[in-house]
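# Report on the structure
Single-letter residue listing:
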Amino acid sequence: MELESETGSKLRRLYATIEDGTMELDDVLKGRISELRQELSRNQAELEKTRSALPRTIAIDAAK
């Protein structure tokens, strides 16, 4: 399963703009990165919760 998310993409783009010097890491940008990290953590927790609710095995009925 692909774990690429819109939030993860946003974070990577922000990091890239900082690395290439397009933007400087200021307080506003730090706040946005923090918000995105929190959103990503919530999304990952929800994904794990959903995965744990799924059955571990799938029963296949040959007759059907």
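Description of the structure in this document. (Residues numbered from 1 in each chain as written. Predicted model: local features only at pLDDT ≥ 70, side-chain atom pairs only at ≥ 80, totals over all residues. Heavy atoms only, no water.)

### What to know about the environment of Glu39
Structurally, Glu39 is set in helix H2 (residues 27–53). It is 11 Å that separates the C-alpha atoms of Glu39 and Ser5, two residues lying 34 residues apart in sequence. (Helix = DSSP H or I, 4+ residues; strand = E, 2+ residues; numbered from the N terminus.)

### Describing H2
In a regular helix each residue adds 1.5 Å, so 27 residues correspond to 39 Å; H2 covers 39 Å between its end C-alpha atoms and thus fits that length. Where H2 is concerned, the buried positions are Leu29, Ile33 and Leu36. In this structure, the buried side of H2 is in contact with helix H1 (6–19). Structurally, the start of H2 carries an N-cap: the backbone nitrogen of Val28 is 3.3 Å from a side-chain oxygen of Asp26. (Expected span 1.5 Å × (residues − 1). Buried < 20%, exposed > 50% of the residue type's maximum accessible area, 1.4 Å probe, protein only. Contact = heavy atoms within 4.5 Å. Polar contact = N/O pair within 3.5 Å; in protein donor to acceptor, adjacent residues only side chain to side chain.)

### Details of H1
Taking 1.5 Å per residue, 14 residues should reach 20 Å; H1 reaches 20 Å between its end C-alpha atoms and fits that length. Every buried residue of H1 is listed here: Thr7, Gly8, Ser9, Leu11 and Leu14. Check the buried side of H1 and you find it contacts H2. Two residues or fewer past H1, Gly21 is found with a positive phi of approximately 85°.

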